[in-house]
Amino acid sequence: MSAVDPDRWYVAPAEGVAGEIRVPGDKSVSHRSLMLGGIADGVTTVDGFLESEDCLATLKALRALGVAIERPHATSLRIQGVGAHGLRGVDFALDMGNAGTAMRLFMGLLAGQSFDSTLVGDSSLMRRPMERAAAPLRLMGARIETREGRPPVLIRGTTALQSIDFRMPVASAQVKSAVLLAALRAQGVTRVTEPAPTRDHTERMLAGFGVELVREGPTVSLRGGQRLQGTHIDVPADFSSAAFFMVAGCIARAGSLTLRGVGMNPTRTGLLDILRAMGADIEVTGLATRGPEPIADLLIRPSALRGIEVPQALVPLAIDEFPVFFIAAACANGPSLLRGAEELRVKESDRLAVMSQGLTALGVEHHLLPDGMQLAGCGNSYGPAFRGGRIDSHGDHRIAMSFAVASLRAAADIEILDTANVATSFPGFAELARGCGLRLREVPATDASR
Ligand code: S3P
């Protein structure tokens, strides 16, 4: 019998974080740059590409589909687009790894191709809901099958997609993007209406490739048959990766931290608004536009955080940041409340349940709700908010990184299990965190066979 002990981290309490860093490129923008570059006419060059497992899954799948992609440098790409009709089918399943974005966006990209495709992923992705993207694509004429709503996703070839007027039941940028990608190959004008604003990287990037889209309030429309023209894309530093250091800088007892070139797309920066409303000392400087995405530098100082009731409008705009928000809320003076965030239950893990287990292990007073969480707050601004303990991240990258940040206000060591998937979004997190002052030790997987 042999068992493998997964990678783990030991994080000892630390006083503060300090320095000047640049977190890696944006995951959402990196996926999209590959996909849109792949179906464009001519060459697309990309700088600041996120070299993470999720984005490399998209890169590998596109290569399999016939797109030539060079990487002159780890974070630079040269994509030789195959044009609107140039992708070719493969006789094996395309592996999306841990990446929900890759799977749902590929569903839209492949829905109107003449060949069949099958999409699979790792054990986490194989449990995630895919009907939210399959259903509108079927209304467009796509022939898509899921297994009880989950992967594997089988897409049968068809070139007869029709436009639709689709009101999304869930606020999901992935679903919106899947429909817009299919709309490029559909007859007529497709309209997508979102119940609340979600990240708009697809729309911004399509415009950069020369596609005409019209945005009217919550509705975006796109005429089918438009071709994409190769372009250059600068990928900003990922706001969602910066978020761990933003919270670290706020809950720390000492030091100040500068984050360079962070993506400041307003459909992504909900956590900044939430932290500022909690009293965070975060200065935004040098706001500039690099291509379609705004960027800025952030200067973060130790802050006496107050509890907050998260405004509903900010929930989709901070959807990936709630694990680390809970860490901030645990360190705040006064109670916090998050509602309307049931989407967290279908992310890489059930983030409400897994965060609640971890908070319990560290002695944090909180109450798990079906769609959110109530936290008491630690009642002081700089003392310990967590006791030491062992956390199971359930292989969820954002859970692992959130509890590493908690070490800044912990009374004893925090052990975090199953950390390998941090590489899906933030390769190099451990080194960068250590460089800023976190006392994080990595223990690689061991074969614990006896
Ligand atoms: C993403 C959209 C969000 C987000 C995910 C990335 C994207 O998911 O949680 O990490 O790149 O479009 P939903 O569309 O499911 O909200």
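All residue numbers refer to position in the chain's written sequence, counted from 1. Side-chain atom pairs in this predicted model are given and counted only at pLDDT of 80 or more, local residue features only at pLDDT of at least 70, and totals for whole chains, interfaces and linings cover all residues. Side-chain measures here rest on the full set of heavy atoms in the structure, leaving out hydrogens and waters.

Caption draft 1: Highlighting the side chain of E415. Under the DSSP-based scheme used, a helix requires at least four consecutive residues in state H or I and a strand at least two consecutive residues in state E, with every element numbered from the N terminus. When you line up the elements, E415 lands in strand β23 (residues 414-417). Counting of polar contacts relies on pairs of N or O atoms within 3.5 Å, with two restrictions inside protein: one atom must be capable of donating a hydrogen and the other of accepting it, and residues adjacent in sequence are counted only when both atoms are side-chain atoms. Here the side chain of E415 touches R8 through a polar contact of 2.4 Å, side chain to side chain. One polar contact links E415 to Y10, side chain to side chain, over a distance of 3.2 Å. Contacts were defined at the residue level, with two residues in contact if any of their heavy atoms lie within 4.5 Å. Beyond its immediate chain neighbours, meaning those up to four positions away, E415 contacts R8, W9, Y10, G389, R390 and I391.

Caption draft 2: Highlighting the sheet that holds strand β6 (residues 76-82). Pairing is mixed in the open sheet, where four strands are placed in the order β5-β6-β4-β15. In the strand order of this sheet, the two ends are held by β5 (68-73) and β15 (232-234), each with one partner. Looking at each pair of strands side by side, their axes are set apart by 15° on average, direction ignored. Axis definition: a line fit to C-alpha positions, over the contact stretch in the case of helices; interaxial angles, taken between N-to-C directions, run 0 to 180 degrees. Where helix α1 (residues 27-39) meets the sheet, it contacts β4 (41-47), β5, β6 and β15, and its direction lies at approximately 35° from that of β6. Any two strands with at least two DSSP-identified bridges between them are counted as paired.

Caption draft 3: Structural context of the site of the ligand. Here, proximity means that at least one heavy atom of the residue falls within 4 Å of the molecule or strand. In the vicinity of the ligand, the residues found are S28, R32, T101, R104, A171, S172, A173, Q174, R199, I319, D320 and K347. Take S172: an N or O atom from its side chain is 2.7 Å from an oxygen atom of the ligand. Contact between the ligand and A173: an oxygen atom at 3.0 Å from a main-chain N or O atom of the residue. For the shell around the ligand, the secondary structure elements donating two or more residues are α1, α3 (100-110) and α5 (173-183). We call Asp, Glu, Lys and Arg charged. Ala, Val, Leu, Ile, Met, Phe, Trp, Tyr, Cys and Pro are nonpolar, and the rest, Gly among them, are polar. Its residues assigned to classes, the shell around the ligand shows three nonpolar, four polar and five charged. Domain start and stop points were drawn from an automatic or database domain assignment. Formed jointly, the shell around the ligand draws a minimum of three residues from each of two domains, domain 1 (6-25 + 237-447) and domain 2 (27-234).

Caption draft 4: The nonpolar core, seen in detail. F386 and F429 are the most contacted members of the largest nonpolar core, which totals 83 residues. Looking at which element gives the most residues to this core, the answer is helix α7 (residues 239-251), with 10 residues. When near neighbours in sequence (up to four residues on either side) are disregarded, F386 contacts I327, A330, C331, L359, L362, V364, A406, R409, A410 and A411. Here, nonpolar core refers to any group of buried Ala, Val, Leu, Ile, Met, Phe, Trp, Tyr and Cys residues whose side-chain atoms link them within 4.5 Å. Only protein chains enter the accessibility calculation, which uses a 1.4 Å probe; a residue is then buried when its area is under 20% of its type maximum, exposed when over 50%, and partly exposed in between.

Caption draft 5: Summary view of the pattern of salt bridges. Salt bridges are identified by distance alone: a Lys or Arg side-chain nitrogen within 4 Å of an Asp or Glu carboxyl oxygen. Scanning all chains against the criterion turns up 32 salt bridges. Across the pair K176 and E194 runs a salt bridge, and its minimum N-O distance is 3.1 Å. Of this pair, K176 sits in helix α5 while E194 is found in the loop between β12 (189-193) and α6 (201-208), placing the two residues 18 residues apart along the sequence. Accessibility assignment for this pair places K176 and E194 in one class, buried.

Caption draft 6: Here's a closer look at the packing of aromatic side chains. Pairs were defined over the aromatic rings of Phe, Tyr and Trp, the Trp ring being its six-membered one, requiring ring centres within 6.5 Å. Orientation was assigned from the angle between planes: stacked under 30 degrees, edge-to-face over 60, tilted for the rest. Using the criterion set out here, one finds seven aromatic pairs in the structure. Relative to F429, the ring of F245 has its centre 5.7 Å away and its plane inclined at 50°; by these criteria the two rings are tilted. One end of the pair, F245, is in helix α7; the other, F429, is in helix α12 (residues 429-436), and 184 residues separate them in sequence. Aromatic side chains F325 and F326 sit 5.9 Å apart centroid to centroid with 55° between the ring planes, which places their arrangement in the tilted category. Residue F325 shares its accessibility class with F326, and that shared class is buried. Linked through ring pairs, W9, F244, F245, F426 and F429 together constitute an aromatic cluster.

Caption draft 7: Main features of helix α10 (residues 351-361). For α10, the tally of buried residues reaches eight of 11 residues, placing the bulk of the element in the interior. Listed in full, the buried residues belonging to α10 are R351, L352, A353, V354, M355, S356, G358 and L359. Residues of α10 that are buried make contact with α9 (322-330), β20 (366-369), β21 (372-375), β22 (389-392) and α11 (397-406). Positive phi shows up at G363, right after α10, with a value of about 75°.

Caption draft 8: Region of interest: unusual backbone geometry. The step from P151 to P152 runs through a cis peptide bond, and the omega angle for that step is 5°. One non-glycine residue, E148, lies in positive phi territory at about 50°. For E148, the position within the fold is in the loop between β9 (143-147) and β10 (150-156). Taking the relative accessible area as the measure of exposure, E148 reaches 74% and is therefore exposed.

Caption draft 9: Quick look at the domain arrangement of the protein chain. Segmentation of the protein chain into domains returns domain 1 (6-25 + 237-447) and domain 2 (27-234). Each of domain 1 and domain 2 was reduced to a C-alpha centroid, and the two centroids are 29 Å apart. On the domain 2 side, the residues contacting the 26 residues of domain 1 number 25 residues. Joining domain 1 to domain 2, the criterion identifies three salt bridges. Class assignment for the residues of the side of domain 1 that touches domain 2 results in 10 nonpolar, seven polar and nine charged.

Caption draft 10: Quick peek at the packing of α7 against helix α8 (residues 270-277). Orientation of α7 relative to α8, taken along the N-to-C sense of each, is 20°, at an axis distance of 10 Å. Taken together, the axis directions place α7 and α8 in an arrangement best described as roughly parallel. The element α7 and its partner α8 pack so that their crossing is left-handed. Every residue of α8 that contacts α7 at F239, A243, M246 and V247 is listed here: L271, L272 and L275. Looking at the contact of α7 with α8, its residues break down into seven nonpolar, no polar and no charged. Throughout, the term roughly parallel applies to angles under 35 degrees, roughly antiparallel to angles over 145, roughly perpendicular to angles from 65 to 115, and oblique to all others. Handedness of each helix crossing follows the sense of rotation of the near helix against the far helix: counterclockwise by less than a right angle gives left-handed, clockwise gives right-handed.

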